[in-house]
Amino acid sequence: MERLGTQFFTAPTLVLTERLLGKVFMRITPSGTVLKGRIVETEAYLGNNDEACHAWRKKTERNRVMFEAPGTLYVYFSYGCHHLLNIVTEPEGIAGAVLIRAMEPLEGIPSMQERRNTTVETALMSGPAKLTSALGIDRSSSGRDLFGNEFFLLDAPLPPPSMICTSTRVGITRSRELPWRKYLADNPHVSKGRPS
DNA sequence: AGCGTGATCTTT
DNA sequence: AAGATCACGCTG
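Here's a quick rundown of the structure. Predicted model, so just to flag it, every value in this text is computed and none were measured. (Residues numbered from 1 in each chain as written. Chains lettered and ligands numbered in written order. Predicted model: local features only at pLDDT ≥ 70, side-chain atom pairs only at ≥ 80, totals over all residues. Heavy atoms only, no water.)

A look at the overall build of chain A
Summing up its helical and strand segments, chain A has three helices and eight strands in all. Counting from the amino terminus, helix and strand elements in chain A follow one another as α-β-β-β-β-β-α-α-β-β-β. A compact globule built from 196 residues should have a C-alpha radius of gyration of about 16 Å, and chain A, at 15 Å, falls within 12% of that. Along the longest, intermediate and shortest principal axes, the C-alpha atoms of chain A span 40 × 35 × 35 Å. Across the 196 residues in chain A, those meeting the buried criterion constitute 52%. Of all intrachain contacts in chain A linking residues separated by at least 6 positions in sequence, the fraction that spans at least 24 positions is 60%. For chain A, the computed accessible surface area is about 9,300 Å², with 50% contributed by carbon and sulfur atoms. (Helix = DSSP H or I, 4+ residues; strand = E, 2+ residues; numbered from the N terminus. Rg over C-alpha atoms; globule rule 2.2 N^0.38 Å. Buried < 20%, exposed > 50% of the residue type's maximum accessible area, 1.4 Å probe, protein only. Contact = heavy atoms within 4.5 Å. Areas by Shrake-Rupley, 256 points an atom, 1.4 Å probe, with all protein chains shown as cover.)

Below, the structure written as structure tokens:
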């Protein structure tokens, strides 16, 4: 599988939300373990007119990574215990990101089972905080990008249009009408969270 | 359906 | 300085 470069991320956020489906996220840990997951659920967050976006009002210490170059990772800490992974989109200076909500585990599964403390495969990465836990990602990875030695995005065919579903986003209260969630039909690794 | 848990942002 | 909110997951 070919590694995707900066060119892939030049598309608008709403296009990437769909195009990221089926692509393979990969991390190589410091000890050399290869972890891979296939993206099956995403959501778009945009700085303008999207009140659910961390950067909708202004640039702050927390959200400044959302203004960085496309392909940067934006990881934040939520509810006092969870880390959530986004891939930054839009040209530098413009806030935008795609939240990675679920993946299908492909490689490094024993390591994921250990981190997640379960062997149930559909429980390893079937939610935005589950997958960061499975991959061992926390805020220390925020600001890193997909073009170095640790994080990669590998190309894979876009699933057929008939398999791509759309809904409103999960777990938000503001701007809940926007249909900015994409996921793969009938995939058991899609999160159980229901749209707002 | 309830709640932990702590950073971040808004309001006083 | 204090209060509200929160892109969630697990238990029961």
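That covers the picture; the talk isn't over yet.
Structural notes on the protein's contact with DNA strand B
With respect to spatial proximity, the complete set of residues near DNA strand B consists of Arg57, Lys58, Thr60, Arg62, Phe77, Tyr79, Gly80, Cys81, His82 and Arg139. The contact atoms of DNA strand B, taken as those within 4 Å of the protein, divide so that sugar and phosphate hold 65%. One of the side-chain N or O atoms of Thr60 is found 2.5 Å from a phosphate oxygen in DNA strand B. Classifying every residue of the surface near DNA strand B by side-chain character gives three nonpolar, three polar and four charged. (Near = heavy atom within 4 Å. Polar contact = N/O pair within 3.5 Å; in protein donor to acceptor, adjacent residues only side chain to side chain. Nonpolar A, V, L, I, M, F, W, Y, C, P; charged D, E, K, R; others polar.)

Comments concerning the pattern of salt bridges
Evaluation of the coordinates by the stated rule reveals twelve salt bridges. Here Asp50 ties to Arg169 by a salt bridge, and the two come within 2.9 Å at their closest N and O atoms. Taken together, the residues Asp50 in the loop between β2 (34-46) and β3 (73-78) and Arg169 in the loop between β7 (164-167) and β8 (181-184) connect sequence positions 119 residues apart. Considered together, Asp50 and Arg169 belong to a single accessibility category, that of buried residues. (Salt bridge = Lys/Arg side-chain N within 4 Å of Asp/Glu carboxyl O.)

As for unusual backbone geometry
Non-glycine residue Asn49 carries a positive phi angle of around 60°. One can find Asn49 in the loop between β2 and β3. Of note in this structure, Glu90 is not a glycine but carries a positive phi near 70°. Its place among the elements puts Glu90 in the loop between β4 (82-88) and β5 (96-107). By relative accessible area, Glu90 is classed as buried at 18%.

Quick look at the protein's contact with DNA strand C
The environment of DNA strand C is formed by 21 residues, the closest being Tyr76, His82, Asn86, Ala129 and Gly171. At 2.5 Å, a side-chain N or O of Asn86 approaches a base nitrogen of DNA strand C. Where the surface near DNA strand C is concerned, the elements lending two or more residues are β4, β5 and α3 (128-135). Looking at the surface near DNA strand C residue by residue, the class counts come to eleven nonpolar, six polar and four charged.

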